[in-house]
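Chain residues, written in single-letter form:
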Amino acid sequence: MVSFSAIDVETANVNYASICQVGFVRVENRKIAEQFVTLVDPEDWFDPWSVSIHGITEQDVEGQPTLPLVMEYLRSRLGGSVLVCHTAFDRVAFNRAATRYDVEPLKVTWLDSAQIVRRAWPEKYARSGYGLGNVADDLGIDFIHHNALEDARAAAEIVIQACDITGRTINQWLDRVQRGIYPRKRRQRGSSPPIKRQGNPEGVLYGETVVFTGRLGMVRREAADVAASVGCNVGANVTKETTLLVVGIQNMSRLAGYEKSSKHRKAEHLIGKGVDLRIISEDDFLELVDIAQ
C-alpha cells in the first residue's frame, strides 16, 4: 500500500521562515484522499519579487492565521506520518518558522521526492533536471506552479509514479534515499580530490549550483567547502546554471545605490525568465546543509 502525505509552502520573502501559504495532500493507496490549503499571515514584509512569483500579497493575508495556529492543525493531521516535500526547502521553512515562533516542530518522517526522482529515473535526473516543474511536465502531471496545494499534489503524484515504476513502497523509499544514487559504484583508491570546487556526487544536494553574495558568517572558502561536501557545485557568478543564491549581509556602500547586489538582481531577472533558481538567506542555507548532512 502506498500511503503518505505531501506538503509545500510559499514565502513572503527570501527568509524561509516567512511562510505565507501552506498546502498539503494525503494519499491513501495511491489515491489523493484529502487536500488542505490556507493562507498564512507571516507577520513579515512581502518582497515584490516574491509576490510576482506566487501572487500572494500582504493584503491577501490580512486576518489569516499565523504560523503557530497552522502548525497546531498540521500536527493534528500529519503527526507521525511520512511527509513528502520536493527538495528540502519546505522542510527548512518549517524548521526555521518553528524556531522563530518557539513552537514544537512537526513530528513527521520527512521524505524528499527529488531524491526519489534521482533514484527512480537516474538515467535522466541523477545529475540535474529534477526540479518539480520539469519532472511534472515530463511525467504528464498538470499543475499550477507556485501554488502550495498544487505543488504538494504534483510532488505526491510524482512519488506515486515512482512507486509504480519501481515497485517500491514508501518504507522502501525511506531506506533507498539514504543510500547513493549508484550504490554499487565505489571510488577508486588513491584518487585525488577535484581541483575545481565541484559537488560531492553522492551529496543530497548534488546537481545544485550555489553562488554566494554579501558578507557571510563564515569565510567564503569555508562556505564553499561546506556546500561542496553536501553536493553543491560552487560558482563565482550567477548564470543560467545557477540554482541557488545564498544572500548574506549586504554592504550598502558597495551597492551603487541599489538595495540588492548585482548577483541578487541578476538572479531575480533569471527567475523572471523561467530559470529554476532559488534565493535564500545564509541561515536558511545552513539549515539546508544541516538537513543534508
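Relevant structure appears above.
Here is what the cut-offs are and how they apply
- Residues numbered from 1 in each chain as written.
- Predicted model: local features only at pLDDT ≥ 70, side-chain atom pairs only at ≥ 80, totals over all residues.
- Heavy atoms only, no water.
- 1 Å grid on protein atoms, 1.4 Å probe; cavity = no way out; pocket = protein on both sides within 12 Å on 5 of 7 lines; lining within 4 Å.
- Points joined across faces, edges and corners; volume = space filled by probe spheres on them.
- Nonpolar A, V, L, I, M, F, W, Y, C, P; charged D, E, K, R; others polar.
- Core = buried A, V, L, I, M, F, W, Y, C linked by side-chain atoms within 4.5 Å.
- Buried < 20%, exposed > 50% of the residue type's maximum accessible area, 1.4 Å probe, protein only.
- Helix = DSSP H or I, 4+ residues; strand = E, 2+ residues; numbered from the N terminus.
- Contact = heavy atoms within 4.5 Å.
- Salt bridge = Lys/Arg side-chain N within 4 Å of Asp/Glu carboxyl O.
- Lys, Arg positive; Asp, Glu negative; His and termini not counted.
- Polar contact = N/O pair within 3.5 Å; in protein donor to acceptor, adjacent residues only side chain to side chain.
- Axes fitted to C-alpha atoms, helices over the stretch in contact; angles between N-to-C directions.
- Parallel < 35°, antiparallel > 145°, perpendicular 65-115°, else oblique.
- Left-handed = near helix turned anticlockwise from the far one by under 90°.

Trainee: I would appreciate a short explanation of empty space enclosed by the protein in the present structure.
Mentor: Counted by the stated rule, this structure contains one cavity of 30 Å³ or more. Taken as a whole, the largest cavity holds about 40 Å³ of empty space. Forming the walls of the largest cavity are T87, A88, D112, A114, Q115, Y130, V204, L205 and E208. Its residues assigned to classes, the lining of the largest cavity shows five nonpolar, two polar and two charged.

Trainee: What should I look at first to understand the nonpolar core in this one?
Mentor: For soluble globular proteins, nonpolar side chains are generally found buried alongside one another. Judged by nonpolar contacts, the single largest core of 41 residues is most densely connected at I7, I19, V22, L74, F94 and F285. At seven residues, helix α3 (residues 89-101) tops the list of elements feeding residues into this core. In contact with F285, other than residues within four places in its own chain, are V210, F212, A227, L244, V246 and I280. Within the second largest apolar cluster, 33 residues are counted, among which are V27, V82, A114 and V135.

Trainee: Is there a simple way to think about the pattern of salt bridges in this case?
Mentor: Think of it this way: side chains of opposite charge can pair up when their charged atoms draw near. Scanning the entire structure with this criterion turns up 13 salt bridges. The salt bridge partner of E104 is K107, with a shortest N-O separation of 3.4 Å. Linking R179 and D175 is a salt bridge whose minimum nitrogen-to-oxygen distance equals 3.2 Å. R179 sits in the partly exposed class, given a relative accessible area of 38%. By relative accessible area, D175 is classed as partly exposed at 44%.

Trainee: Whenever I open this one, the side chain of E10 confuses me. Can you help?
Mentor: Checked against the element boundaries, E10 lands in strand β1 (residues 4-11). Although E10 is buried, it makes no salt bridge; R278 carries the closest opposite charge, 7.6 Å away. Not counting residues up to four positions away in its chain, the partners in contact with E10 are S18, I19, C20, Q21, H54, I56, H146, N147, A148 and D151.

Trainee: Is there a simple way to think about the environment of E202 in this case?
Mentor: Position of E202 among the secondary structure elements: in the loop between α8 (170-176) and β6 (209-213). By relative accessible area, E202 is classed as partly exposed at 35%. Sequence separation between E202 and G231 is 29 residues; the distance between their C-alpha atoms is 6.7 Å. Every residue in contact with E202, bar those within four places of it in the chain, is listed here: G180, I181 and Y182. A distance of 3.3 Å separates the side chain of E202 from the backbone nitrogen of I181, its partner in a polar contact.

Trainee: How should the layout of surface pockets be read in this particular structure?
Mentor: Which parts of space are left empty comes out when a probe the size of a water molecule is rolled across the atoms. When its volume is computed, the largest pocket comes out at roughly 1000 Å³. Looking at the lining of the largest pocket, the elements with two or more residues in it are β1, α1 (48-54), α3, α6 (132-138), α7 (148-166) and β9 (278-281). Counting residues per element, the lining of the largest pocket draws most heavily on β1, at five residues. Looking at side-chain class alone, the lining of the largest pocket contains 17 nonpolar, 17 polar and eight charged residues.

Trainee: Hey, could you run me through the packing of helix α4 (residues 113-120) against α7 in this one?
Mentor: Here α4 crosses α7 at 30 degrees, and the two axes come no closer than 10 Å. By the angle between their axes, α4 is roughly parallel relative to α7. Considering the relative orientation of α4 and α7, their crossing is left-handed. Listed contacts from α7 to S113, I116, V117 and A120 of α4 are A155, I158, V159, A162 and T166. Its residues assigned to classes, the contact of α4 with α7 comprises seven nonpolar, two polar and no charged.

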